[in-house]
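Inside the fold
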Amino acid sequence: MTEKNIKPTQPAMPDMGDYIKEISSIWETGILTNNGEKAEKFRQMLLDYTECGNADLFVNGHSALLLAIRVLGLTGEVITSPFTFVSTTNAIVQNGLTPVFGDIDESYNLSTESIEKLLTDKTCAIITPHIFGIPCDIEGIGAIAKKHNLKVIYDGAQAFGTKVAGTDISCFGDITMFSFHAIKVFQSIEGGMLAYRDGALHDKFGLYRNFGITYGECGNDVEAVGINAKMNEFQAAMGIVNLPRLDAEIAKRKKLVRVYAERLRDVPGISTYDYDSRPDIEYNYAYFPVKVTAEYGRSRDELWAWLKENGIGTRKLYDKLTCDYACYKDAGYVRDTGYADKVKDMALDLPLYGTLTETEIEEICDMIKSGVK
Ligand SMILES: *Cc1c(COP(=O)(O)O)cnc(C)c1O
């Protein structure tokens with residue numbers, strides 16, 4: 001019998017020949033970075049794909065989120081979800097803002113009820129992820145923001161390709177950040193994008209992404225305290241050849257999710273996110289999250305370890321709330337995290353990627369089923 005070796009995640013790769021063809025012109029232009037023609041071509045393709053109106057590219061998602069917050073010039077408190085990758089919280093704190101941690105609901109996203117509870121006269125924004133590519137309550141958050149004059153920045157790092165009521169997810173809030181990191185549904189090796197409503201931000205992003213330098217005839221000046229967050233041409237080339245493959249990648253994942261849902265339906269103590277519960281959403285199927293509850297007879301950690309022993313890699317996303325990380329836990333930030341505190345002990349992310357086979361999913365599900373105690 002061959003040993004199973006199912007990886008928790010795998011990058012969506014383009015055809016190698018296509019990539020080599022795309023990068024070959026870089027040897028002719030000699031332009032490797034600094035807003036080259038590949039980056040501009042990729043940006044145009046993304047504008048076409050998302051129809052979001054305004055978009056800029058960055059070296060990675062985190063830098064993009066940092067600058068999204070910076071250009072809005074926010075001060076005070078930001079309501080956010082602690083059930084996320086630490087980047088969301090870091091970007092808030094790195095901008096000198098105070099995170100206020102709200103609770104999540106069954107969608108794993110920040111609950112509007114909790115937001116309402118946490119509003120103060122210092123609240124300036126809601127900055128929160130569409131976690132696992134599952135959209136937040138966009139309407140509810142929009143209504144609260146409007147009523148209280150708050151900015152909304154979505155961390156859409158995991159949500160590229162998702163649509164709500166036929167509209168691309170990049171079109172909601174003031175700004176949405178996307179990550180094109182290697183293991184996101186859509187990758188450009190590393191990469192980040194901001195989609196935004198106010199076209200006047202375009203020049204600011206260009207400035208802040210390149211150290212804040214302005215180029216004059218008689219010399220340069222630095223107008224803003226910027227960083228280096230430019231996307232390079234090799235990243236852009238990867239994005240250019242990968243973007244036409246995205247819809248097929250999502251379609252494959254959707255098929256695999258159906259197999260998971262069918263096979264895990266009757267397993268006691270395994271509760272799956274119901275991808276059919278919101279027919280207005282076209283998901284990107286970034287993740288397949290499950291909750292391991294008491295009826296399973298093993299804890300989430302035990303199931304994770306047991307699957308690992310049997311050659312199946314899964315991820316505990318997220319087994320710690322960001323407010324509980326060492327660098328934040330003693331900061332005294334306000335938190336309303338009753339349900340999130342429970343979910344962090346139950347959540348397990350099963351393997352999901354385009355090159356995974358239905359047979360592998362059946363094996364994973366059979367193993368999970370046979371592990372019930
Ligand atoms: C991946 C991710 C980021 C960071 O994006 P990078 O491109 O890796 O910098 C931020 N937030 C969330 C929720 C993510 O999943």
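Shown above is the structure to which this text applies.
Residues numbered from 1 in each chain as written. Predicted model: local features only at pLDDT ≥ 70, side-chain atom pairs only at ≥ 80, totals over all residues. Heavy atoms only, no water.

A few points about helix α9 (residues 233–242)
Since there are 3.6 residues in each turn of an α-helix, residues three or four apart along the chain are aligned in direction. Short version of the rule: Relative accessibility decides the category of a residue: with a 1.4 Å probe and only protein chains considered, values under 20% of the type maximum give buried, values over 50% give exposed, and everything between is partly exposed. For the purposes of this entry, the term helix denotes a DSSP run of H or I that reaches at least four residues, the term strand denotes a run of E that reaches at least two, and both are numbered from the N terminus. Here, residues are in contact when the closest pair of their heavy atoms is within 4.5 Å. Whenever two N or O atoms come within 3.5 Å, that pair is a polar contact, provided that in protein one can donate a hydrogen and the other can accept it, and provided that, for residues adjacent in sequence, both atoms are side-chain atoms.
Of all the 10 residues making up α9, 9 are buried; the element is thus mostly covered by neighbouring parts of the structure. Within α9 the residues assigned to the buried category are Glu233, Gln235, Ala236, Ala237, Met238, Gly239, Ile240, Val241 and Asn242. Structurally, α9 contributes buried residues whose contacts are with α1 (16–24), α2 (26–29), α3 (37–50) and α10 (246–264). The backbone nitrogen of Phe234 lies 2.9 Å from a side-chain oxygen of the residue at the head of α9, namely Asn232.

Thoughts on the packing of α1 against α9
What counts here: Axis angles are defined between N-to-C directions and span 0 to 180 degrees, where every axis is a line fitted to C-alpha atoms and, for a helix, only to the segment in contact. With respect to orientation, any angle under 35 degrees is reported as roughly parallel, any angle over 145 as roughly antiparallel, any angle of 65 to 115 as roughly perpendicular, and every other angle as oblique. The handedness criterion is simple: a crossing whose near helix is rotated anticlockwise from the far helix by less than a right angle is left-handed, and one whose near helix is rotated clockwise is right-handed.
At their nearest, the axes of α1 and α9 sit 9 Å apart, and the two run at 135° to each other. With respect to α9, the axis of α1 lies oblique. When the axes of α1 and α9 are compared, the crossing they make is right-handed. Residue-level inspection shows Asp18, Tyr19, Glu22 and Ile23 of α1 in contact with α9, the latter providing Phe234, Ala237, Met238, Ile240 and Val241.

What to know about the pattern of salt bridges
Close approach of charged atoms allows side chains with opposite charge to pair. To keep it simple, the criterion reads: Between Lys or Arg on one side and Asp or Glu on the other, a salt bridge is scored when a side-chain nitrogen of the former is within 4 Å of a carboxyl oxygen of the latter.
In the structure shown here, the tally under the stated rule is 18 salt bridges. Among the ionic pairs, Lys38 bridges to Glu22, the shortest N-O distance being 3.1 Å. One end of the pair, Lys38, is in helix α3; the other, Glu22, is in helix α1, and 16 residues separate them in sequence. Like Lys38, the residue Glu22 is buried in the burial classification. As a salt-bridge pair, Arg300 and Asp301 come within 2.8 Å of each other at their nearest N and O atoms. Through salt bridges with shared partners, one network takes in Glu22, Lys38 and Lys41.

Let's talk about the pairing of strand β3 (residues 98–101)
This is how the line gets drawn: In short, DSSP must find at least two bridges between two strands for them to pair.
In the sheet, strand β2 (residues 77–80) pairs with β3 via 4 bridges, with the strands oriented parallel. Among the inter-strand pairings, Glu77 is bridged to a residue of β3, identified as Thr98.

Geometric descriptors of this kind do not, in isolation, establish any biological role.
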